[in-house]
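Here's the letter readout for the chains.
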Amino acid sequence: MIPHHSNRHLLFLTCALGCAVIAHVRAQSAGQPAPAGSGTRDSEAVTLSPFVVQTDKDSGYAASSTLAGSRLNTELKDTPAAISVMTRDFLMDIGAVNVIEALNYAMNTEKDFSDFTGNGLYSNDIIFQMRGFVGASLGRNYFGWFGSHDSYNVERLDFARGPNSILFGVGGPGGIVNTTTKQAQLRRDRSEVQLRIGSWDDHRAALDVNRSRGGKLAARVNAIWHERRTWRDFEYYDRLGGAFALTYRPFKNTTVRLDSEYADIKESKAQPWPAADRLSPWLNAGSPISPTFGQSVPGTGSNTSRAVVYDPASGLGPIVLFGGRNSNSGPSAVGLANNPIAITDENLLPRRTNLAGPSFAGEQYFYNYAVFVEQRLLENLDVEAAFNRQHERRHTVRPIVFDGIALRGDPNALLPDGRRNPNAGRYYVEGTGQIENRDQIRDDFRLTASYALDLTRRNPWFGRHRFAGLLSRRDSENQTPGTFAARNLTPQLMNNLALYPADLTSGNNAIVRRTYLDFSSENFGARGLHDVRTNPLTGQNGVTSGYVRIADNARDELTRLDSMMGALQSAFWRDRLWLTGGVRQDKQRAWGSSGAERDPVTRVWGLRRRNQVHTDNEGSTRTYGAVFHATKWLSFYYNNSNNFLPNSQRSDLVDGALLGNRTGEGRDAGLKLRLLDNRVNANLGWYETNDTNRQVGIDNSWTNHINAIWRTLGQPERQISVFADSQDLSGHGYEFEVTLNVTSQWRTSFNWSITQQITDNQHPRTLAYMGQHRPAWEAQGTLDLDRTGTTLTAPTVAAALQNAQFIMDAIQAGNGNIRRGLRKHSGNIFTNYNFARESALSGFGLGGGINYRGKNVVGYDSTDGNRPLYSVDYMIVNAMLRYGRKLTARKIDWRIQLNIDNVLNEDDLLVTDANEVRAYRFVYQNPRRWSISSTFGF
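Residues numbered from 1 in each chain as written. Predicted model: local features only at pLDDT ≥ 70, side-chain atom pairs only at ≥ 80, totals over all residues. Heavy atoms only, no water.

Draft legend 1. Quick peek at the sheet that holds strand E8 (residues 143-144). Taken together, the 5 strands give an open sheet; going across it, the order is E3-E9-E10-E7-E8, and neighbouring strands pair in mixed fashion. At either end of the open sheet lies a strand with only one pairing partner, and these are strand E3 (82-86) and E8. (Pairing = 2+ DSSP bridges. Helix = DSSP H or I, 4+ residues; strand = E, 2+ residues; numbered from the N terminus.)

Set out below in structure tokens:
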């Protein structure tokens, strides 16, 4: 179990803030001021590292250099890859507290909602797409990373779009977002305290203290405490964390750096779309009440579940409602992953509502530490050895899964025993809970070398060259206990072994939690499912609640990735022509896990054991590109690169074989402008990217129909338990970006993208599988379908096959068409003006931004040649107001800043799934939000 936050943590942070202030005051009173840039000076000149980006060279919103293009510290103007940078100043101005919020202003990058199940939204911090390709990568100091970052320890963000084999050989073709963390700075003593409040009980405090001794040793401590609620019921995010960095330079040519962080996070996430409609047929029929238990009334169905239902507020205890009536149906689209329609009537379901309740929550902690040792061996030869470890544990309670987050109605006048039903005619939410645990450790070992060779001394035409070499190993361990489902641990007390056997994996032994809803009640608990954590069952009516592993989904796995990379960067013709190239070899070995055993009585699955044998995947990738500076202000560039990502998933569709490698290839070309002494920097580019054999899943409805057919045919051993298939994507587009620091007072960032992407070759294994078995299925089409343990309604094998085919037909409709979820146009702008010192408004700064999102492909019209269907475009306006001055008593820099997001309070529901008949799935927009941050620097 992950430890809970307590008031001790807040007390600790408060004491730390106080100690920092006291230390500062004592230092000042002792007559030892330490302004920026001061400290004991080292008489020896120190050459800048080729492995570390110097963020202090960033000016306003404009960054000067990056590692993302060549693994070497390179000026952005000389880098052919498509790279955008968000500087520290920019992140502060937009008020972003994490990477997720920063994405709102990123070039051709946005959050992804294509996961219709919602599973990924709860098991990951962030899911986003770049250039329309889902599954972009995250990095931290150019190591792979598990989740999102909080801005308290972020120096800047680098967005490298498209495949880039030098930066990462293994990864998706969309690109990567790399976070540069705050490092301990030599020759500088600086402290900063920031306090923030905001909408919906948003409270935050951050600390940043850097201390240097003698120009050889520096330490930096960052700390964060953040507690916030949101506009949705029950949703919250609490974070307590700290980071420690150390820089030690024992000798002129030797540098040792330490980077570490710890975070303890508790949160509850509301699904970003409205709850599903499971009662409209009943409402449309006039909400009739069944006068006797089980009597049919319009708009309802018979309850075929024998699981116990528990509503702690009713005082009835756990009961079985088998044979009663329920409003368990609503409009759904078989061709849209069987998504039920979302409820958009806010008189029926208020927008703030989060039916999942307070226990749909997760706890996470992670720690990270990295050690870097840099050594200059010769005048032009540098070596860096680095090790990075990150460890993440997650514990997630999901009282309702997938589209079970739905509004239902109770049409029963009586209970099974003949008593009056006190909740007849009321709405309710219910679900069978799950607990998910994850435990991951990733170790990275990296050795990098850089060699500079200047041949211009011999002949100016010979050029300057830099070589880079890399050897690395990444070990990723996944020791996850798996998913546990809510079950009655004492079925023998139900006194009916035929219906409630000792087999705890039986669906009859499931526990369904139910809460009857009253959205106008002052009782907050009546707005969603009750907290399952504080309402255990301990023998009532023979039911004792607990969680057991009902499927073989534990993990004990190791994946090892060994990589070699070589890169060359050359500058010719007095640095007017820059050539970059590189090759990389990646070999991945994966030790999966198997061999879990089941308890002979309870049939509960045990833990898996790691396999002794491993699978192999390997690939070679390359990059080459050029930048030509035609004039001092105009440059042309071209880049060609590829990468790959092993699909470690096996599939029962192909006898358990691996899917093979996912491969990507991209080309970029365009021009760069640098005007007004580099105060205006602009890039205009064209790109083309292909994504082949991308792993995809399919809705469980398809699998359930196929498995029901196999059971009906008396071949349960042929049921599909591991489903995976693939698709191909090809995209191209244009990107325009400009950063303006026209004056020292005014800075602006603007970007615009035009993106096209086509889907092809979808689910080839699934099509082949259905074609192979269709004759046998059709021959038994009249048999009554075995729907045991499912919510299927198909009466026969033929009907089940027809439904499965509907799903596949809808998927195939996307072949040769624009990908569902793609947005052709998107753009962002943010500008900030600081008033001059001599003006009447001295100290004030005023800024604002716009996030524009064009029409999104939400489905296809099957009656019109699968013509794409689009949502509406929308625009979000944001504003910022700042005032700063020096508090002369202690020479403290003080800044107070107001940020308002969604100033115009745009609140239209954004359609994400639709067909020619209607829209089915929507996403909420966040309403207007404000925050005020007060920062003290000394």
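Draft legend 2. Representation of helix H7 (residues 764-779) in the model. Counted at 1.5 Å a residue, the expected span for H7 with its 16 residues is 22 Å, and the 24 Å between its end C-alpha atoms agrees. Those residues of H7 not exposed but buried are Arg765, Thr766, Tyr769, Met770, His773 and Trp777. Of the surrounding elements, those touching the buried residues of H7 are strand E39 (657-675), strand E40 (680-696), helix H6 (700-712), strand E41 (725-740) and helix H8 (797-812). (Expected span 1.5 Å × (residues − 1). Buried < 20%, exposed > 50% of the residue type's maximum accessible area, 1.4 Å probe, protein only. Contact = heavy atoms within 4.5 Å.)

Draft legend 3. Molecular detail of empty space enclosed by the protein. Tallied over the entire structure, the rule returns 11 cavities of 30 Å³ or more. Space inside the largest cavity adds up to approximately 300 Å³. Tallied by class, the residues present in the lining of the largest cavity amount to 8 nonpolar, 9 polar and 7 charged. (1 Å grid on protein atoms, 1.4 Å probe; cavity = no way out; pocket = protein on both sides within 12 Å on 5 of 7 lines; lining within 4 Å. Points joined across faces, edges and corners; volume = space filled by probe spheres on them. Nonpolar A, V, L, I, M, F, W, Y, C, P; charged D, E, K, R; others polar.)

Draft legend 4. How the structure looks around the side chain of Asp531. Following the sequence through the fold, Asp531 ends up in the loop between strand E30 (511-516) and strand E31 (538-540). Residue class for Asp531 comes out buried when judged on its relative accessible area of 16%. Beyond its immediate chain neighbours, meaning those up to four positions away, Asp531 contacts Pro358 and Ser359.

Draft legend 5. Representation of the packing of H7 against H8 within the structure. For the pair H7 and H8, interaxial distance at closest approach is 12 Å and the crossing angle is 160°. As far as their axial angle goes, H8 and H7 are roughly antiparallel. At the point where H7 passes H8, the crossing takes the left-handed sense. Contact residues: Thr766, Leu767, Met770, Arg774, Trp777 and Glu778 in H7; Val797, Leu801, Ala804, Gln805, Met808 and Gln812 in H8. Among the residues making up the contact of H7 with H8, the classes are represented as 7 nonpolar, 3 polar and 2 charged. (Axes fitted to C-alpha atoms, helices over the stretch in contact; angles between N-to-C directions. Parallel < 35°, antiparallel > 145°, perpendicular 65-115°, else oblique. Left-handed = near helix turned anticlockwise from the far one by under 90°.)

Draft legend 6. Structural detail: the environment of Phe234. Among the secondary structure elements, Phe234 is positioned in the loop between strand E13 (217-229) and strand E14 (236-251). Counting along the chain gives 532 residues from Phe234 to Thr766, while the straight-line C-alpha distance between them is 40 Å. Setting aside its immediate chain neighbours within four residues, Phe234 contacts Ser268, Asn354, Gly357, Pro358, Phe524, Arg527 and Gly528.

Draft legend 7. Representation of the sheet that holds strand E25 (residues 406-409) within the structure. Read from one edge to the other, the open sheet built from 6 strands follows the order E16-E25-E26-E30-E18-E19, with strand pairing classed as mixed. In this open sheet, the two edge strands, each paired with only one partner strand, are strand E16 (276-277) and strand E19 (319-320). One ladder, built from 2 bridges, connects E16 with E25; its direction is parallel. Within the sheet, the bridge partner assigned to Asp277 lies in E25 and is Leu407.

Draft legend 8. How the structure looks around the pairing of strand E46 (residues 857-861). Among the 5 residues that make up E46, 5 are buried, leaving the element largely enclosed by the rest of the structure. Strand direction decides the pairing type here: E46 and strand E47 (residues 867-870), joined by 4 bridges, are antiparallel. Bridge pairing in E47 places Val857 opposite Tyr870.

Draft legend 9. The pattern of salt bridges, seen in detail. Counted by the stated rule, this structure contains 60 salt bridges. Of the charged contacts, one joins Glu392 and Arg438 as a salt bridge, the two residues approaching to 3.4 Å between their closest N and O atoms. Of this pair, Glu392 sits in strand E24 (residues 381-398) while Arg438 sits in strand E27 (residues 434-454), and the two are 46 residues apart along the sequence. With a relative accessible area of 1%, Glu392 lands in the buried category. A salt bridge links Arg393 to Asp439; the nearest nitrogen and oxygen atoms lie 3.2 Å apart. One end of the pair, Arg393, is in strand E24; the other, Asp439, is in strand E27, and 46 residues separate them in sequence. (Salt bridge = Lys/Arg side-chain N within 4 Å of Asp/Glu carboxyl O.)

Draft legend 10. Here's a closer look at unusual backbone geometry. Here Asn541, not a glycine, exhibits a phi torsion of approximately 50°, which is positive. By relative accessible area, which is 47% here, Asn541 ends up partly exposed. Backbone geometry places Asn902, a non-glycine residue, at a positive phi of 60°.

Draft legend 11. Local environment of the environment of Ser563. Residue placement: Ser563 occurs in strand E33 (residues 555-572). By relative accessible area, which is 3% here, Ser563 ends up buried. Counting along the chain gives 89 residues from Ser563 to Arg474, while the straight-line C-alpha distance between them is 8.6 Å. Excluding its chain neighbours within four sequence positions, the residues that come into contact with Ser563 are Leu470, Leu471, Ser472, Arg584, Gln585 and Asp586. There is a polar contact of 3.3 Å between the side chain of Ser563 and the side chain of Arg584. (Polar contact = N/O pair within 3.5 Å; in protein donor to acceptor, adjacent residues only side chain to side chain.)

Draft legend 12. Region of the structure containing the packing of H6 against H8. Contact pair H6 / H8: the axes reach a minimum separation of 9 Å and the direction vectors enclose 155°. In terms of orientation, H6 lies roughly antiparallel with respect to H8. Here the hand of the crossing between H6 and H8 comes out left-handed. Here H6 contributes Ser701, Trp702, His705, Ile706, Ile709 and Thr712 to the contact with H8, which in turn contributes Val797, Ala800, Leu801, Asn803, Ala804, Ile807 and Met808. Taken together, the residues that form the contact of H6 with H8 break down as 9 nonpolar, 4 polar and no charged.

Draft legend 13. Molecular detail of H6. The first and last C-alpha atoms of H6 sit 18 Å apart over 13 residues, in line with the 18 Å expected at 1.5 Å per residue. The buried fraction of H6 is high, at 11 of 13 residues. Burial in H6 covers these residues: Ser701, Trp702, Thr703, His705, Ile706, Asn707, Ala708, Ile709, Trp710, Arg711 and Thr712. Residues of H6 that are buried sit in contact with H7 and H8. The positive-phi residue at the C-terminal boundary of H6 is Gly714, with phi of around 75°.

Draft legend 14. Highlighting the nonpolar core. Counting residues in hydrophobic clusters, the biggest one holds 27 residues, and the most contacted among them are Met86, Phe90, Phe128, Leu157, Phe159 and Phe830. Elements supplying a minimum of two residues to this core: helix H2 (88-94), helix H3 (99-102), strand E5 (128-130), strand E9 (154-161) and strand E15 (254-268). Excluding its chain neighbours within four sequence positions, the residues that come into contact with Phe90 are Tyr61, Tyr105, Ser749 and Phe830. Counting residues in hydrophobic clusters, the runner-up holds 24 residues, among them Ile706, Tyr769, Trp777 and Ala804. (Core = buried A, V, L, I, M, F, W, Y, C linked by side-chain atoms within 4.5 Å.)

Draft legend 15. Representation of the side chain of Asp202. Tracing the backbone through its elements, the reader meets Asp202 in strand E12 (residues 202-213). The exposure class of Asp202 is buried, given its relative accessible area of 4%. Polar side-chain contacts of Asp202 include one of 3.5 Å to the side chain of Arg196. Setting aside anything within four residues of it in sequence, one finds Asp202 in contact with Arg196, Ile197, His226, Glu227 and Arg228.

Draft legend 16. Inspection of the environment of Gln585 at higher detail. Within the fold, Gln585 resides in strand E34 (residues 577-591). Gln585 gets classed as partly exposed once you look at its relative accessible area, which sits at 25%. Distance in space between the C-alpha atoms of Gln585 and Gly566 is 9.3 Å, their sequence separation being 19 residues. Ignoring sequence-local partners within four residues, the contact set of Gln585 consists of Asp562, Ser563, Met564, Glu618, Gly619 and Ser620. Looking at Gln585, its side chain comes within polar contact range of the side chain of Glu618, at 3.2 Å.

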